[in-house]
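# Structural overview
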Amino acid sequence: MYVAVKGGEVAIDAAHRLLARARRGDGTVAEVSLAQIEGQLSLAADRVMGEASLYDRTLAALAIKQARGDLVEAIFLLRAYRTTLPRLAASEPVDTGTMRIRRRISAAFKDLPGGQVLGPTFDYTHRLLDFALAAEGGAPAGEATPEAPDPVAPCPRVAGFLNKEGLIEPAAAPEPGAVPDITRAPLDYPADRRTRLQALARGDEGYLLALAYSTQRGYANNHPFAGEIRTGKVDVEIVPEELGFPVCIGEIDLTECEMINQFVGGPDRPAQFTRGYGLAFGEQERKSMAMALVDRALRADELGEPRTAPAQDEEFVLAHCDNVEASGFVQHLKLPHYVDFQSELDVIRRIRAAAASKREAAE
Amino acid sequence: MPLPEPGFADPVAESQRAFRALLDAIAHPGRIVDIPGPAGRPEGLSIAQSAIALALLDGDTPVWLAGPCASARPWIAFHTGAPAAPRPDGARFAFAEAGELPAPGAFDLGTDAYPDRSTTLIIETPGLAAGGNALLSGPGIAGTTRATLPLPRAFFAARAELAELFPRGLDLVLTDGARALALPRGTRVEGA
Amino acid sequence: MIQGYNFAYLDEQTKRMIRRAILKAVAIPGYQVPFGSREMPLPYGWGTGGIQVTAAVVGSDDTLKVIDQGADDTTNAVSIRRFFAKTAGVATTERTVDATIIQTRHRIPETKLREGQIVVFQVPIPEPLRWLEPRETETRRMHAHAEYAVMSVKLYEDIARHGRIATGYDYPVKVAGRYLMRPSPIPKFDNPKLDRSPALMLFGAGREKRIYAVPPHTEVKSLDFEDHPFEIERWDKTCALCGAADSFLDEVIVDDAGGRMHVCSDTDYCAERRRQGHGPAAVPAPVEDAAQ
């Protein structure tokens, strides 16, 4: 006699125990510490902070540890925590022009005021597995505090001084009204650019990378140049109501990318370069570059360009860029669907039965 | 300036109870529900009105206080942080008294695309009762139901004219002390 | 109850926002109210919309039932029930008649619902026109003008091609003569239970950030045509456990040869019938709740 599957509670408890054991791995190997993740897997922590929209390196490290290194799961954990936090204030816009730069490059100019600063980049490494790293203690020790050796003085942004010639569109003026918050109010289409940028900033890196790549392969080609990419620290300021003037509450690491794109002009606009913008927490160069390309592609309507490619389609791009939403919905297919399946069985059986009797009648 | 009268003593539980009572009322137009209010209620609002304000208003809900309800402004600002709407049609919630009623059409009725972005108007209506001359029908009502709705006939005539704008419309909650009855936009009222 | 979180997990400001959305949803039957859906500690697609609605509605004097596929002990139902037991300390039950709030995925209980009960549906895709028109900007316009011809065309094409409407679940309905609505992926067998139900039906779509509702005693009409009236699933079998001939049956494969049996998808309904002495697996008195 069949007995309906019981014991969901027991199964769930057992699964949690197995997960804890799998997370710990081989008990004879030292457990990984949050400080190790923060310090030695810092780019993973940067991505988790960025796509979770919560700047807290230690909690990001905890999420990575708890998620067994699954970064999308870690992003989910950090976001679910973020939802429960009170909102104390909204910061003033950060000024990346005053960034304490650790890395700064422009691909559009050979040299520029402030100079090119390579910083800690993979760019010119030969991708050969370094077996010295495999030997315990074989890695060269970093400095006690991993700061840039010589902080570069604040330097002007490339787009800023190109502007003086009028060859590049000016930075968009701030849109009026309070900045919308897509974590508090649902996104509405068409979205304004600041809302769009917000969605892209917490969007999945892999998704944005693929879309950005598609724009380089003819799906909305917009002739990009990496005008400037800069990474470093900026101050965060708030204006407490009782004071009425800004006070600095700390500093955060950011990576900013300004893409410069050819634009041949239109009926109302002269030929000039246009911009795409990317910004991300920490060192997330690939993410901020991809974001800038997608931002530019999404400006098609504004610039009077024909919308022909996926990356130019605002609803398509924004509705699917969130990996916590996407991961949840794709994986919900693991939940039982047997009632719906039964309904479909019924429909298909009836269609087949009707077709069969029709055939018989015809014979 | 004296401190405003207190709000809910147990905001979590009391807000939930007030909301559930209101949900019951809106799901069953014409049904009279009890909405227990805070210990100290402000001048200008009834018990049920105060409870609804505490349960639903916050910084995201501009509020319009018509006529004598305006005396409750400091209390609402202190407890909910709801900003004052400059005009009735800028309000998410509006509070009024039967004696000094604004026209239903003066409020935000929402749009065809977003009919939810409309005002909910809460009117203190002494003499509210189940049974009576008004015949109500529509969603939430099994067949028809009756109520006594002591508001001017002209008000209901103006409200009836809004019916053809559906899904745009004005949702009404009538209160009498600690009791309330809802007339959402889809409820037809005859003989009031 | 778990420490460090508010009653029913959500903070009060979030609850107020959701409550306002619910009230508008009930006032405009079938219309999808956008709301600021929060990131919940459970994944999107696993009931976050229903959970948020339940969290905004539930009080300490409620009794909560959670089902998935009609069953109280499927893993996700267990997980959600535990979530509320942990964060709200609320009483839970597996008996439909004892519940004041029933959160469900994919079924409406067979036991007749009563006045005062609230059913909270978990909704994956709230937009009934989504498969026909993927753009939100377009579907919003279509709802605004009640332009639903495209759905009738789709259903009619089904009939032309297959001789019948090929939709088995999440079968579109019209609410109170105005809004086209997705009833969530319940089998069409359950659609008639929505029509003029004495219970209040609330629908929550977390990932898609929409809440909608059907008030009690409200007409919910499954779309059909005069020459192809709406019909529900039928079985020529009865439940192998309780003998019910009027309930939605799951088909269960019982051996390698593909042998199968049919049992009630609603586990509470089935258990209750067996307690009352029905069917081959009737429980002899004295009654003990099989679910304990």
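Everything in this summary refers to the structure shown in the same document.

The rules we used
Residues numbered from 1 in each chain as written. Chains lettered and ligands numbered in written order. Predicted model: local features only at pLDDT ≥ 70, side-chain atom pairs only at ≥ 80, totals over all residues. Heavy atoms only, no water. Helix = DSSP H or I, 4+ residues; strand = E, 2+ residues; numbered from the N terminus. Buried < 20%, exposed > 50% of the residue type's maximum accessible area, 1.4 Å probe, protein only. Contact = heavy atoms within 4.5 Å. Areas by Shrake-Rupley, 256 points an atom, 1.4 Å probe, with all protein chains shown as cover. Lys, Arg positive; Asp, Glu negative; His and termini not counted. Charge placed at Lys NZ, Arg CZ, Asp CG, Glu CD. Pairing = 2+ DSSP bridges. Axes fitted to C-alpha atoms, helices over the stretch in contact; angles between N-to-C directions. Parallel < 35°, antiparallel > 145°, perpendicular 65-115°, else oblique. Nonpolar A, V, L, I, M, F, W, Y, C, P; charged D, E, K, R; others polar. Polar contact = N/O pair within 3.5 Å; in protein donor to acceptor, adjacent residues only side chain to side chain. Expected span 1.5 Å × (residues − 1). Salt bridge = Lys/Arg side-chain N within 4 Å of Asp/Glu carboxyl O. Patch = residues over 30% accessible without salt bridge, like charges linked within 9 Å, V, L, I, M, F, W, Y side chains within 5 Å.

Another point: the overall build of chain A. The secondary structure content of chain A amounts to 13 helices and 4 strands. Its C-alpha atoms give chain A principal-axis dimensions of roughly 85 × 65 × 55 Å. Expressed as a percentage of its 363 residues, the buried residues of chain A come to 38%. Within chain A, residue pairs in contact and separated by at least 24 positions form 64% of the contacts whose partners lie at least 6 positions apart. Roughly 20400 Å² of accessible area belongs to chain A as shown, and the carbon and sulfur atoms make up 60% of that amount. Put simply, chain A has 41 plus and 53 minus side-chain charges, and the middle of one group is 5 Å from the middle of the other.

Time to look at the pairing of strand β8 (residues 200–205) of chain C. Residues and elements named next belong to chain C. Of all 6 residues that make up β8, 6 are buried, and the element is covered over most of its length. Both faces of β8 are covered, namely the face carrying L200, L202 and G204 and the face carrying M201, F203 and A205. Across 5 bridges, the pairing between strand β5 (residues 118–122) and β8 is parallel. Counterpart to V119 in the pairing with β8 is M201. Note that β8 and strand β9 (residues 210–214) share 5 bridges and pair antiparallel. Within β9, the position partnered with L202 by the bridge is A213. Hairpin remark: β8 followed by β9, antiparallel, with 4 residues in the connecting loop; positive phi at K209, about 60°.

Below, the discussion takes up unusual backbone geometry. Most peptide bonds are trans, and most residues other than glycine sit at a negative phi. Here the residue pair Y189 of chain A and P190 of chain A is connected by a cis peptide bond, since its omega of -10° sits within 30 degrees of zero. One can find P190 of chain A in the loop between α7 (158–162) and α8 (193–201). Here the residue pair F166 of chain B and P167 of chain B is connected by a cis peptide bond, since its omega of 10° sits within 30 degrees of zero. Its identity is not glycine, yet A176 of chain C carries a phi of approximately 50°, on the positive side. Despite not being glycine, R196 of chain C shows a phi value in the positive range, around 55°.

Residue and element names in this part refer to chain B. Burial of strand β8 (residues 179–183) is extensive: 4 of the 5 residues sit out of reach of the surface. Direction of pairing for strand β1 (residues 33–34) relative to β8: antiparallel, over a ladder of 2 bridges. Within the sheet, the bridge partner assigned to D34 lies in β8 and is R179. Of the pairings in the sheet, the one linking strand β7 (residues 171–176) to β8 comprises 5 bridges and is antiparallel in character.

A few words on the sheet that holds strand β2 (residues 63–65) of chain B. Residue and element names in this part refer to chain B. The mixed open sheet is built from 6 strands, whose spatial order is β1-β8-β7-β4-β3-β2. Unpaired on one side and paired on the other, β1 and β2 mark the two borders of the sheet. When strand β4 (residues 120–124) meets β7, the two strands line up parallel, connected through 5 bridges. Residue I123 lies in a different strand from β7, and its bridge partner there is L174.

So, on to the packing of helix α1 (residues 8–24) of chain A against helix α3 (residues 75–88) of chain C. At a minimum axis separation of 9 Å, α1 of chain A and α3 of chain C run at an interaxial angle of 80°. One way to sum up the angle between α1 of chain A and α3 of chain C is to call them roughly perpendicular. Taken together, the residues of α3 of chain C that come into contact with α1 of chain A (itself represented by G8, E9, I12 and D13 of chain A) are T75, V78, S79, R81 and R82 of chain C. Of the residues in the contact of α1 of chain A with α3 of chain C, the class split is 2 nonpolar, 3 polar and 4 charged.

A separate point is the side chain of D62 of chain C. Among the structural elements, D62 of chain C can be located in the loop between α2 (48–57) and β2 (63–68). Classification of D62 of chain C by relative accessible area gives buried; the value is 5%. In terms of polar contacts, D62 of chain C uses its side chain to reach the side chain of R20 of chain B, at 2.7 Å. From its side chain, D62 of chain C meets the backbone nitrogen of G59 of chain C in a polar contact 2.8 Å long. Apart from residues lying up to four places away in sequence, D62 of chain C is in contact with Q16 and R20 of chain B together with V57, V90, A91, T100 and I101 of chain C.

Residue and element names in this part refer to chain C. Across its 16 residues, helix α1 (residues 12–27) extends 22 Å between first and last C-alpha, which sits within 8% of the 22 Å expected from 1.5 Å per residue. Among the 16 residues that make up α1, 15 are buried, leaving the element largely enclosed by the rest of the structure. Looking at where α1 begins, the residue whose side-chain oxygen comes 3.2 Å from the main-chain nitrogen of Q13 is D11.

Our next topic: the pattern of salt bridges. For the structure shown, the criterion picks out 69 salt bridges over all chains. The salt bridge partner of E258 of chain A is R275 of chain A, with a shortest N-O separation of 3.0 Å. Of this pair, E258 of chain A sits in strand β3 (residues 247–261) while R275 of chain A is found in strand β4 (residues 274–281), placing the two residues 17 residues apart along the sequence. The pair E258 of chain A / R275 of chain A is uniform in exposure class, with both members buried. Notably, a salt bridge pairs K193 of chain C with D190 of chain C, separated by 2.7 Å at the nearest N-O pair. We classify K193 of chain C as partly exposed; its relative accessible area is 21%.

Right, let's talk about a nonpolar patch on the surface for a bit. Residues and elements named next belong to chain C. There is a patch of nonpolar side chains on the surface, built from W131, L132 and V150 and spanning about 300 Å² of accessible area. You can see L132 is positioned in the loop between β5 and α4 (136–144). Take L132: its relative accessible area is 30%, and that puts it in the partly exposed class.

Turning our eyes to something else, we now look at the sheet that holds β4 of chain A. Strand pairing within a sheet occurs via backbone hydrogen bonds; the two strands may be parallel or antiparallel. Residues and elements named next belong to chain A. Strand order in the open sheet formed by 4 strands is β1-β2-β3-β4, and the pairing between neighbours is antiparallel. What marks the edges here is a single partner per strand, and that holds for β1 (100–105) and β4. Averaged over all adjacent pairs, the angle separating strand axes in this sheet is 20°, with direction ignored. As defined by bridge partners, strand β2 (residues 224–238) adjoins β3 across 14 bridges and the pair is classed as antiparallel. Among the inter-strand pairings, F225 is bridged to a residue of β3, identified as I260. Packing against the sheet, helix α10 (residues 285–297) makes contact with β1, β2, β3 and β4, and its axis sits at approximately 145° to β4.

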